[in-house]
Amino acid sequence: MKKSRISRIRWMLIGGSMLILLLMIIPRGQSVRELEISQVLEMAEAGQLDTIEVTGDKLAVTTVDGNQFKSRKEPSVSILELLQSRGVTVGPGTVEVEIKQDGGGFLPAVLSFLPLILIGALVFYMMRRSQGGISQALNIGKSRARAIGENKPSVTFDDVAGADEAKQELVEIVEFLNNPTKFTRLGAKIPRGVLLTGPPGTGKTLISRAVAGEAGVPFFSTSGSEFVEMFVGVGASRVRDLFNKAKENAPALIFIDEIDAVGRHRGAGIGGGNDEREQTLNQILVEMDGFDERTNVIVIAATNRPDILDPALVRPGRFDRHVTLDSPDVRGREAILRVHLGGMPVVDGLDLGTVARETPGFSGADLANLVNEAAILAARADKHEIEFDDFEEAIDRVIAGPARRSRKTSEREREVVAYHEAGHALVAATLPQADPVHKVTIVSRGASGGHTRLLPTEDRGLWTKGQFEAMLAVMMGGQAAEQEVFGDVTTGASNDLQNATNLARRMVTEYGMSEELGPQSFSSGQSETFLGRELGSARRYSDAIAAKIDAEVGKLLTTARATAGRIISENCERLAGVARKLVSDETIQGADLQKMLQLPSEDAPVAA
Ligand code: ADP
Ligand code: MG
Ligand code: ZN
């Protein structure tokens, strides 16, 4: 709005200047020949002139023959004197001189002033602009934190599902602020900082907005990246300003999102420290130390990288309370789905429990996205209610991308994919330690030709070696089936092999699941700082161990491959049956698969 007005003014100025220029260039009036003053005087001497009109310094000369000329004289001399000096008499009969009023009217005068006016306007406008710049520059040290007071966010704790412990902790924080004496009476110190940690999308920002919505106190919200500017010292002064504002409004809450942007381990990363970031961090530390017993301000910070935070930030007296938001468990996922489905029309008896079971590892943000995808799919099909099928399709889309039904595949390729997926499914259905199959499909999504989805019977925090070995065998099932049926393998297994290799490596190096290497960890246990501390840090084991690790990983993989191969060759007819059905139907649900394979189905999932 403001921008467009400014640019309109600018265009008007430019247009005006062009107009003036044009007016000055284009000659006005009819073109009359111009003569030197000496010529005019000569003609007067020769008696060729009839009249001379004088307007200021301009002369309009009419000859006896009726020709007209223009001329100019010097401003200081009078034309009469000039004529007299040449001995020309002035008067009727000879040359008549008419003196006219100076100034050819109003318009020319205005026109001659216009450029000046325009330049003045331009200068004024530019000055105002640069002054804006100056005042902006003076404001740069001011915190950009938004005080959330009167217009509180509408988010409440009810909107945050499945994070009961975190909620409880934060409710208590609000209580500290509202009723400090209850705690200080007993000599308890009010905590100063709360660090919210957890993987991305688990609702850290959401829950802090809920705190703002529920808190009866002013809430200042900012993000770590807002402290980082081009100019050194800005971050520190913004921190000062933010804390001052909060102290003026105490009791108050400060929320710093993504604090890792400034709170990184000092001196870490390539190129050593970043002065600006370190100054900002130091200022935060100083401000938090500056809180005295009566300062009723609590700082909440959020990060998904607590491991890279500077130790000084998390020591007692600073961010000493840690609230962790974990990836939701199956009950949490169901609750989150329910929150996000609130107000949406869903079919009666929608089995959200199964949807929750099908989505292990999904964060709150993933689930919010899932609900939205399902709603979009239902709307696209002109349904009035969201159905279970929409969720099934949405899960596939979120995991593997949209179905690519338009992709033309040859019959032969469909058959290969069908056998590959049937191989995965058969191995999974046969091994008791593997999760039951939820669905097998050869509908191509993203880069994959098809996929087999297992449905975990439970949310696992712990995995056994046997379960991992079964998983490895299931991953190998695809290629094993190709080998068994076609006597050759395709590139379709590359993703399976990658996953299997990663899993096997972790079994050996992190979980101590290799007898050869024994109960020892070969990983640093820390996720790596991007271009950070870990870069170039030495491996903590010898080359001999490295070779052993590789050998053990290889052994796990070949064993898994052998298991898969054995199951496939023992069940050739079943495999062919599943593959044929896949070619004709594209998708088989878990329960149907169990029936086809006629395997004991005691732990078969209740699939839709
Ligand atoms: P982050 O932890 O990365 O800050 P956000 O708080 O931004 O994650 O979460 C992103 C979105 O995911 C939220 O806006 C919300 O829609 C959804 N979400 C995440 N966790 C939950 C939860 N526990 N309950 C309900 N919705 C959630
Ligand atoms: Mg966030
Ligand atoms: Zn595969």
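Residues numbered from 1 in each chain as written. Chains lettered and ligands numbered in written order. Predicted model: local features only at pLDDT ≥ 70, side-chain atom pairs only at ≥ 80, totals over all residues. Heavy atoms only, no water.

Asker: With reference to specific residues and values, describe the sheet that holds strand β11 (residues 437-441).
Answerer: What holds strands together in a sheet is hydrogen bonding between their backbones, with the strands either parallel or antiparallel. Strand order in the open sheet formed by three strands is β12-β11-β13, and the pairing between neighbours is antiparallel. One side of each edge strand has no neighbouring strand; the edge strands of this open sheet are β12 (451-454) and β13 (587-589). Across this sheet, the average inter-strand angle for adjacent strands is 10°, counted without regard to direction. Relative to β13, β11 runs antiparallel, the two sharing three bridges. Opposite K439, over in β13, you have Q589 as the bridge partner. Sheet strands touched by helix α15 (residues 411-430): β11 and β12. Its angle to β11, the strand with the most contacts, is close to 165°. (Pairing = 2+ DSSP bridges. Helix = DSSP H or I, 4+ residues; strand = E, 2+ residues; numbered from the N terminus. Axes fitted to C-alpha atoms, helices over the stretch in contact; angles between N-to-C directions. Contact = heavy atoms within 4.5 Å.)

Asker: Let's hear about the layout of surface pockets: which residues, and what values?
Answerer: Roughly 1,600 Å³ of volume is contained in the largest pocket. For the largest pocket, the lining is made up of 47 residues, of which H451, T452, N495, D496 and N499 are closest to its centre. Among the secondary structure elements, those contributing two or more residues to the lining of the largest pocket are α14 (388-400), α15, β12, α16 (465-486) and α17 (494-509). In terms of residue count, α15 provides more of the lining of the largest pocket than any other element does, six residues in total. When the residues that make up the lining of the largest pocket are grouped by side-chain class, the tally is 16 nonpolar, 17 polar and 14 charged. Each of domain 2 (330-400) and domain 3 (411-597) gives at least three residues to the lining of the largest pocket. (1 Å grid on protein atoms, 1.4 Å probe; cavity = no way out; pocket = protein on both sides within 12 Å on 5 of 7 lines; lining within 4 Å. Points joined across faces, edges and corners; volume = space filled by probe spheres on them. Nonpolar A, V, L, I, M, F, W, Y, C, P; charged D, E, K, R; others polar. Domains from an automatic or database assignment.)

Asker: I'd love a proper account of empty space enclosed by the protein, names of residues and values included.
Answerer: Take a probe with the size of a water molecule and roll it over the atoms, and the empty space left behind shows itself. Under the definition given, this model contains one cavity of 30 Å³ or more. What lines the largest cavity is simply Q433, A434, D435, L454, R460, W463, Q467, M471 and V474. The element best represented in the lining of the largest cavity is α16, accounting for three residues. Classifying every residue of the lining of the largest cavity gives five nonpolar, two polar and two charged.

Asker: Break down helix α20 (residues 590-597) for me, citing the residues and quoting the values.
Answerer: Buried residues of α20: G590, L593, Q594 and L597, and no others. Mapping the buried residues of α20 onto a view down its axis gives an arc of 100°, with all of them on the same face. Buried residues along α20 sit in contact with α15, β11, α19 (572-585) and β13. Residue Q598 follows α20 closely and has a positive phi angle near 50°. (Buried < 20%, exposed > 50% of the residue type's maximum accessible area, 1.4 Å probe, protein only. Arc of directions from axis to C-beta.)

Asker: So, the environment of N499: which residues are in play, and what are the values?
Answerer: Its location among the elements puts N499 in helix α17. Along the primary structure N499 and L472 are separated by 27 residues, whereas in three dimensions their C-alpha atoms are 8.7 Å apart.

Asker: Summarise the coordination of the zinc ion (ligand 3); cite the residues concerned and give the values.
Answerer: Tetrahedral metal sites with four donors have an ideal angle of 109.5 degrees; octahedral sites with six donors have ideal angles of 90 or 180 degrees. Taken together, the protein ligands of the zinc ion (ligand 3) are H420 (NE2), H424 (NE2) and D496 (OD), with distances of 2.0 to 2.1 Å. Of note, the donors binding the zinc ion (ligand 3) are all from one chain and are spaced H-x3-H-x71-D. Of this pair, H420 and H424 both sit in helix α15, four residues apart, roughly one helical turn. As far as burial versus exposure is concerned, H420 and H424 are alike and both buried. (Donors = N, O, S within 2.8 Å, 3.2 Å for Na, K, Ca; no water.)

Asker: Can you lay out the sheet that holds strand β4 (residues 96-100) for me, pointing to particular residues and giving the numbers?
Answerer: Read from one edge to the other, the open sheet built from four strands follows the order β3-β2-β1-β4, with strand pairing classed as mixed. Strands at the two margins of the open sheet, each flanked by one partner only, are β3 (68-72) and β4. The mean inter-strand angle of the sheet, taken between neighbouring strand axes irrespective of direction, is 20°. Direction of pairing for strand β2 (residues 58-63) relative to β3: antiparallel, over a ladder of five bridges. Note that in β3 the partner of K58 across the bridge is R72.

Asker: Explain the site of ligand 1 to me, and be specific about the residues and the numbers.
Answerer: Ligand 1 sits among 15 residues. The nearest are G201, K204, T205, L206 and H340. Separating an oxygen atom of ligand 1 from a backbone N or O atom of T202 is a distance of 3.3 Å. Contact with the protein chains covers 80% of the free accessible surface of ligand 1, which is 560 Å². Residue assignment for the shell around ligand 1 shows that the elements contributing at least two residues are α7 (204-214), α11 (330-341) and α13 (364-380). In terms of residue class, the shell around ligand 1 is built from seven nonpolar, six polar and two charged. Summarising the domain contributions, the shell around ligand 1 has at least three residues from each of domain 1 (146-324) and domain 2 (330-400). (Near = heavy atom within 4 Å. Polar contact = N/O pair within 3.5 Å; in protein donor to acceptor, adjacent residues only side chain to side chain. Areas by Shrake-Rupley, 256 points an atom, 1.4 Å probe, with all protein chains shown as cover.)

Asker: Could you give an account of the packing of aromatic side chains, naming the residues involved and the relevant values?
Answerer: Per the counting criterion, the structure on display carries six aromatic pairs. Ring centres of F522 and Y541 lie 5.5 Å apart, and the angle between their planes is 90°; on these two criteria the pair is classed as edge-to-face. A residue pair is termed long-range when its members are at least 10 positions apart, and F522 in the loop between α17 and α18 (543-570) and Y541 in the loop between α17 and α18 qualify at 19 residues. Among the residues examined, F522 registers a relative accessible area of 8% and is labelled buried. (Phe/Tyr/Trp six-rings, centres within 6.5 Å; stacked < 30°, edge-to-face > 60°.)

Asker: Explain the pattern of salt bridges residue by residue, including any values.
Answerer: If you walk through the whole model with that rule in mind, you get 25 salt bridges. E172 is the salt-bridge partner of R321, the closest N and O atoms lying 3.4 Å from each other. On the criterion of sequence distance, the pair formed by R321 in strand β10 (residues 321-324) and E172 in helix α5 (residues 164-178) is long-range, its members being 149 residues apart. We classify R321 as partly exposed; its relative accessible area is 22%. (Salt bridge = Lys/Arg side-chain N within 4 Å of Asp/Glu carboxyl O.)

On their own, these measurements won't tell you what the molecule is for.
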